[in-house]
Amino acid sequence: MTAAPTAPGRDRTHPSPRPAPDGSDEARHGPVLVNPVLPGFHPDPSILRVADDYYIATSTFEWLPGVTVHHSRDLVHWRPLGGLLAERRLLDLAGRPDSGGVWAPCLSYADGLFHLVYSDVTSLAGAFKDVRNRVTTAPDLAGPWSDPVPFPSHGFDPSLFHDDGPDGDGRSWALWMEWDHRPGRHPFAGILLQEWDRAKGAATGPVHRVFTGTELAHTEGPHLYRRDGRYYLLTAEGGTSWNHAVTVARAHDITGPYEADPAGPLLTSRHHPEAALQKAGHGSLVETPGGEWYLAHLAARPLTPRGACVLGRETALQRVEWTADGWPRLAGESPLPNGDALPRTVVPAPALAPTATPVPAPAPVPQPLFVAGPDGDERLLSAPPWSTLRRHPDRGWIEPVHEGLRLYGGQSLGSTHGQSLVARRQQAGDFDFTVRLTARPDSPLKMAGLVHYYNTTLWHYLHLSWDDELGRVIRLGTCAHGRYTEPVPPLPVGGDGPLDLRLAVRGAEGRFSWRPAGGAGWLPVGDALDVTLLSDEGATRGDPDTGHYTAWGFTGAFAGMCAQDLTGGRAPAEFTRPDYRERHDGGPVRP
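Residues numbered from 1 in each chain as written. Predicted model: local features only at pLDDT ≥ 70, side-chain atom pairs only at ≥ 80, totals over all residues. Heavy atoms only, no water.

### Observations concerning the overall build of the chain
Check the secondary structure of the chain and you find two helices and 43 strands. Expressed as a percentage of contacts within the chain between residues at least 6 apart in sequence, the contacts between residues at least 24 apart total 58%. Of the accessible surface of the chain, which amounts to about 22200 Å², a share of 52% is contributed by carbon and sulfur atoms. (Helix = DSSP H or I, 4+ residues; strand = E, 2+ residues; numbered from the N terminus. Contact = heavy atoms within 4.5 Å. Areas by Shrake-Rupley, 256 points an atom, 1.4 Å probe, with all protein chains shown as cover.)

### Some thoughts on the packing of aromatic side chains
In this description, a pair of aromatic rings is defined by centroid distance and the angle of the planes. One pass over the structure, following the stated rule, counts 23 aromatic pairs. For the pair F156 and F188, a centre-to-centre distance of 6.2 Å together with 90 degrees between the ring planes defines the contact as edge-to-face. Residue F156 is found in the loop between β10 (149–150) and β11 (159–162), and its partner F188 is found in strand β13 (residues 188–197); the two are separated by 32 residues along the sequence. The exposure classification of F156 matches that of F188, with both residues buried. (Phe/Tyr/Trp six-rings, centres within 6.5 Å; stacked < 30°, edge-to-face > 60°. Buried < 20%, exposed > 50% of the residue type's maximum accessible area, 1.4 Å probe, protein only.)

### Details of the pairing of strand β33 (residues 458–467)
With nine of ten residues buried, β33 is to be regarded as a mostly interior element. Inspection of the sheet shows strand β32 (residues 446–455) paired to β33 by seven bridges, in the antiparallel sense. Bridging across to β33, V451 finds its partner in Y461. In sequence, β32 turns back onto β33 through a hairpin of two residues. Summarising the sheet, β33 and strand β34 (residues 471–480) pair through ten bridges and their orientation is antiparallel. (Pairing = 2+ DSSP bridges.)

### Some thoughts on the pattern of salt bridges
Tallying each qualifying case throughout the model produces 33 salt bridges. In this structure, the salt-bridge partner of D120 is R96, at a minimum N-O distance of 2.8 Å. Taken as a pair, D120 in strand β8 (residues 113–123) and R96 in the loop between β6 (79–85) and β7 (101–110) lie far apart in primary sequence, 24 residues in all. You'll find D120 and R96 in the same group, each marked buried. Note that E486 and R475 form a salt bridge whose closest N and O atoms lie 3.0 Å from each other. You can see E486 sitting in the loop between β35 (483–485) and β36 (491–492) and its partner R475 sitting in strand β34, a full eleven residues away along the chain. Overall, R475 belongs to the buried group, its relative accessible area being 19%. Through salt bridges that share partners, E87, R89 and D147 make up one connected network. (Salt bridge = Lys/Arg side-chain N within 4 Å of Asp/Glu carboxyl O.)

### Considering the sheet that holds strand β20 (residues 278–287)
Neighbouring strands of a sheet are bound in pairs by backbone hydrogen bonds; such pairs are parallel or else antiparallel. On the basis of which strands lie adjacent, the open sheet formed by four strands has the order β20-β21-β22-β23 and antiparallel pairing. This sheet does not close on itself; its edge strands, each paired only once, are β20 and β23 (328–330). Adjacent strand axes in the sheet meet at a mean angle of 40 degrees, parallel and antiparallel pairs treated alike. Where strand β22 (residues 314–322) meets β23, three bridges bridge the pair, whose relative direction is antiparallel. From the neighbouring strand, W322 faces β23, where its bridge partner is P328. (Axes fitted to C-alpha atoms, helices over the stretch in contact; angles between N-to-C directions.)

### Section: the pairing of β34
Burial within β34 is extensive, with nine of its ten residues counted as buried. Hairpin remark: β33 followed by β34, antiparallel, with three residues in the connecting loop. Across two bridges, the pairing between β34 and β36 is antiparallel. Across the sheet, I474 pairs through a bridge with L491, a residue of β36. Between β34 and β35, which follow one another and run antiparallel, lie two residues, and H481 among them has a positive phi close to 55 degrees.

### Examining the sheet that holds β11
Here four strands make up an open sheet; going across it, the order is β11-β12-β13-β14 and the pairing antiparallel. Here the strands that pair on one side only, and so sit at the sheet edges, are β11 and β14 (202–211). Across the sheet, the mean angle separating the axes of adjacent strands is 30 degrees when strand polarity is ignored.

### Considering the side chain of D74
The residue D74 is located in the loop between β5 (66–72) and β6 in this model. Put simply, D74 is tucked away with no salt bridge, and the nearest opposite charge, on R79, sits 8.5 Å away. In terms of polar contacts, D74 uses its side chain to reach the backbone amide nitrogen of V76, at 2.9 Å. (Lys, Arg positive; Asp, Glu negative; His and termini not counted. Polar contact = N/O pair within 3.5 Å; in protein donor to acceptor, adjacent residues only side chain to side chain.)

### Here we look at the nonpolar core
The tendency in soluble globular proteins is for nonpolar side chains to be buried as a group. Membership of the largest hydrophobic core comes to 41 residues, with the highest contact counts inside it found for L224, Y258 and L421. For this core, the element with the most residues is strand β12 (residues 172–179), which contributes four residues. If near-sequence neighbours (up to four positions away) are discounted, L224 is found in contact with F161, L175, L193, Y231, Y232, L233, I254 and Y258. One finds V435, L450, V525 and F575 within the second-largest nonpolar core, a separate group that totals 40 residues. (Core = buried A, V, L, I, M, F, W, Y, C linked by side-chain atoms within 4.5 Å.)

### Some details on the environment of R436
On the secondary structure map, R436 appears in strand β31 (residues 430–439). Taking the C-alpha atoms as reference points, R436 and F575, 139 residues apart in sequence, are found 5.5 Å from one another.

### Brief notes about the confidence of the model for the chain
This prediction gives the chain a mean pLDDT of 89; 87% of its residues lie at or above 70. Low pLDDT (under 50) marks residues 1–28, which in the prediction has 79 contacts with non-local residues, meaning those over four places away or in another chain. For the stretch residues 361–367, pLDDT sits under 50, and the model shows 13 contacts to residues farther than four places along the chain or on other chains. (pLDDT = per-residue confidence, 0-100.)

Here it is as structure tokens:
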């Protein structure tokens, strides 16, 4: 349950936390956008324009609500609208593995309806991928969304193309990548195409294998466009890590044959570990009302060159120009001698459409945990910025309280079912997160506290619990690939009053501390913990040569609040005054 996304032109949520570019850049170059435009875990962007409104939909994997959407009028300032799949009938993630769930959504618009296509991945380790692709439609991003119907599911990364441009025939086409589990074959078997009947909500006609990729291989993430009488197929290649790239192929007929761009990838940072934006790939295109083109793509910012990407894969934008012979190129600079086209961190913004209303510059604003429900009485968990893990919020495990929420203890942090956890993305390398906790555990099986979380096997957890000899205690637990340890002995806190908990992250190190509620000074708990574990690189284990992996890391670090009651008694814990503040360029912590 989430604050409903607003319809075009009725934006009412807070802006992106990214700082605006400084005035000197604007004076020299005009308005610019600063990458990543969506910092923190926002991968696999699908960008869409409807009239003067731009939308970016991104993957959410095991987190809810599913498919995060941001809105902009100028491509510079982005406002989060929350998640689209906010009901169990639309998405049930119970039991989904780490980095399973919602992969690579595609948001499109036709017949006055938004069309959302997405993968729901139920298993991904080893040679097999069990995937259910679905499509749902709505007249407005606020819904109501139709019951999802099956979409071709031979693989993942589904996409939907509507051939409704000036020269189009009005038909729609489904695209997806095919996964091949058979030994001796590359698992990324190519891009498939089939006509999609919008009226019937079903695929129809033959399946066409339109593209098997370039020498980069690992061909996925297809998106199709029509321009000047040709069809352009964008794909992600090289695998979603350091060798990632955006490649382009084109054809005169929609079913092919498709010719790959002889100049190589449209975008990649694979040969440049010094580049600020790594893993650049998985792109989608949008044309502005003024005829300018932009590429939305994922990227990552490791803490050290080719090191841990704690923030996960983020969303960036690049300006695109077209050559005289009809190929897209990154605007502004010639490719490097080896042909690579690197992503930029500062990009010229487009000219505003004459009818567009500029979005106000970002400014810190309150981020309440709850917002009023439609009836004015019921109060529901708001998003953004908060997410829940594999289960939708309901009063069976979460309730509002003054300045915060009450969680009823659920399953352990290692479970894929029934966790009582509310968290937000880490969106900067340096930040502080504090919260006030009121809980009265009477068993070591009852816990509540502040967690720095990547997945069920990778987390750091400062929590209040019970010790049979010491009474109420603070414990610090850490889990590294499923191995649980406590680096310091339990700390007695006595009484039953509230406590303040704090997580301070500075790059690769995270430190926990506590104090009695409202106390003057923070009391450290243990030494610095290794934050690099909580990263895509820390989570991923497998064989890059075969593409078969036993564990994946596709998300990013979260900071949040959680409660466990392993007795099944649903012991309550109250969390109030949660506060997340970032530091940028060594400056003070800010909201």
